[in-house]
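Chain by chain, the residues:
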Amino acid sequence: MRNISAADSRLAAGPGAGAVPWLKTPAGAVAALILTTLAARLLFAASLGLGIDESYMVAAGRKLQLGYFDHPPLAWWMTWGIAHLTGSESPIVVRLPFIALFALTTYLMYRATATLFGPEAGMWAAVVLNMAPVLGITAGTWVLPDGPLFAALLGVLFCLIHALRSDGRAAWGWWLATGACAGLALCSKYSAALTLTGATAFLVTEPVSRRWLIRPHPYIAGLVALAVFLPVLGWNAEHGWISFLFQSGRAGGRYHPLGPLLATAGQAVFLLPWVWAPLVWCGFLALRRRPSDRERWLLVCLATPPILVFTVAALWGNPLFHWAAPGYLMLVPLLGEAIARHWRTGQLARIWLGGTAAFVFLAVVLVGSEVRFNWLSGLIEKPPFGRDPSLDLVDWTSLRTEFESRGLLDRPRLVVANVDDFTGADVLIIAPRRSLAEIERQFGARFDAIEPVAPATILHAGHSALELALFIGHRLHQ
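Residues numbered from 1 in each chain as written. Predicted model: local features only at pLDDT ≥ 70, side-chain atom pairs only at ≥ 80, totals over all residues. Heavy atoms only, no water.

> What exactly am I supposed to notice about the pairing of strand β3 (residues 447-460) here?
Regular strands show a simple pattern: their side chains alternate between the two faces of the sheet. Taken together, the 11 bridges between β3 and strand β4 (residues 463-476) define a ladder with antiparallel strand orientation. Bridge assignment links isoleucine 450 to a residue of β4, and that residue is glycine 473. Count of turn residues in the β3/β4 antiparallel hairpin: 2 residues, of which alanine 461 carries a positive phi of about 55°. (Pairing = 2+ DSSP bridges. Helix = DSSP H or I, 4+ residues; strand = E, 2+ residues; numbered from the N terminus.)

Structure below.
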């Protein structure tokens with residue numbers, strides 16, 4: 001029998017023989033993670049109806065614009081594009097771009113962290129990203145501006161890391177790419193400006209990187225970001241700066257001395273407290289090192305503004321807990337590096353990671369199956385807080401059947417809207433838990449008369465779940 005060389009043995013083993021060793025590398029593990037979580041998100045997305053914010057975005061996004069009342073347009077364009085491409089607005093369809101984009105987000109987290117701290121750190125950072133609910137589940141699955149925001153901000157991080165390490169023509173390429181990603185981040189959510197402010201703070205405070213301030217590269221990158229964002233500014237200028245006025249108006253309110261504490265607690269819950277605490281601890285350790293540790297200082301500078309601003313803003317307003325998520329996103333590479341250091345020697349890290357993964361998996365299965373099959377109704381006679389919280393993720397498709405049976409869908413000049421385009425039309429007003437007196441106080445001056453009609457019932461997996469009060473406002477005034 002002749003001897004078989006190493007090359008011959010690889011050929012004899014077949015074309016897939018090299019795949020198994022590659023899957024054991026950090027890059028292979030991340031590829032497997034992306035494919036596995038992509039399939040899981042598709043299944044999860046198919047199980048849930050559109051949430052309140054998602055329904056608003058899909059409906060508002062039917063009209064393609066350069067800006068919208070409360071946000072820049074990038075996420076709205078994504079829903080508009082997929083709906084027109086497929087001819088469908090079903091939950092799984094409109095969520096597809098966001099699910100696909102999060103695969104890129106996971107890859108960017110891996111690459112950025114690997115560039116800073118090595119491939120194993122990048123792999124664990126990608127894992128943590130997918131386990132934190134506010135980062136890897138809601139933003140990674142649902143129709144929300146956070147999905148494109150996170151991808152664009154990690155694009156900024158990845159390109160900026162390479163820009164700071166480059167010179168000559170390569171430096172120009174990386175700085176221009178940094179500016180383009182910054183512009184896309186601003187087109188996703190205005191709060192991206194806070195993270196970009198952190199990048200400026202890094203250039204000012206880090207001695208080695210400060211040399212870039214006397215070069216044209218960062219300023220040209222800023223102009224590129226402005227050019228990408230300029231259409232949004234133009235739209236706002238034509239509409240009385242309504243989007244900026246709305247967002248700035250959310251900062252005012254009564255003084256809440258415990259507001260920052262409650263905001264911090266909410267941020268911890270959205271991330272999972274046992275994920276939030278290590279993130280904050282890694283950020284604190286990096287902060288103590290100051291600019292002497294260049295890589296960690298970059299992440300701290302990017303993370304601090306959104307966390308600090310939205311936590312302090314809770315003194316006078318009611319910032320939503322997920323607004324600070326971009327800051328925590330920038331701390332994930334630090335936690336990935338810490339896990340890589342302790343993985344081989346620390347059993348606690350393995351228990352923490354495995355327990356978190358199991359908890360997230362079970363929670364996703366619980367929520368998805370409940371929304372799909374409403375099995376909790378047979379176990380809990382009266383839900384907490386007096387209503388089923390999963391109703392926010394149940395599509396109200398049963399309304400169409402009920403309206404058809406009443407002949408409301410065929411009634412001429414009857415709309416479900418309250419806009420000047422329908423002046424003179426009758427308007428169907430859907431108002432959960434509202435009385436006729438309350439509706440007349442709020443909308444009476446807009447109509448000749450308001451008439452109550454029989455309420456409608458929302459079905460959840462075939463069971464009655466919510467009763468909606470219905471009213472018809474006759475002849476909408478201009």
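> Just checking my understanding: could you explain a nonpolar patch on the surface for this structure?
Judged by side-chain polarity, Trp172, Leu176, Ile220, Leu223, Leu226 and Leu230 come together as a nonpolar surface patch covering roughly 510 Å² of accessible area. Broken down by element, the residue count for the nonpolar patch peaks at 4 residues, all from helix α12 (residues 217-238). Among the structural elements, leucine 223 can be located in helix α12. Leucine 223 gets classed as exposed once you look at its relative accessible area, which sits at 53%. (Patch = residues over 30% accessible without salt bridge, like charges linked within 9 Å, V, L, I, M, F, W, Y side chains within 5 Å. Areas by Shrake-Rupley, 256 points an atom, 1.4 Å probe, with all protein chains shown as cover. Salt bridge = Lys/Arg side-chain N within 4 Å of Asp/Glu carboxyl O. Buried < 20%, exposed > 50% of the residue type's maximum accessible area, 1.4 Å probe, protein only.)

> Explain the sheet that holds strand β1 (residues 414-415) here, please?
Strands in a sheet are paired, the pairing made by backbone hydrogen bonds, and the direction either parallel or antiparallel. Spatially, β1-β2-β4-β3 is the arrangement adopted by the 4 strands of the open sheet, whose pairing is mixed. One side of each edge strand has no neighbouring strand; the edge strands of this open sheet are β1 and β3. In this sheet, β4 lies alongside strand β2 (residues 426-431) in antiparallel orientation, the contact comprising 5 bridges. Across the sheet, residue isoleucine 430 finds its bridge partner in β4, namely leucine 470. Each of β2, β3 and β4 is contacted by helix α20 (residues 398-406), which is oriented at about 125° to β3, the strand it contacts most. Contacting β2, β3 and β4, helix α21 (residues 436-443) runs over the sheet at an angle of about 125° to β3. (Contact = heavy atoms within 4.5 Å. Axes fitted to C-alpha atoms, helices over the stretch in contact; angles between N-to-C directions.)

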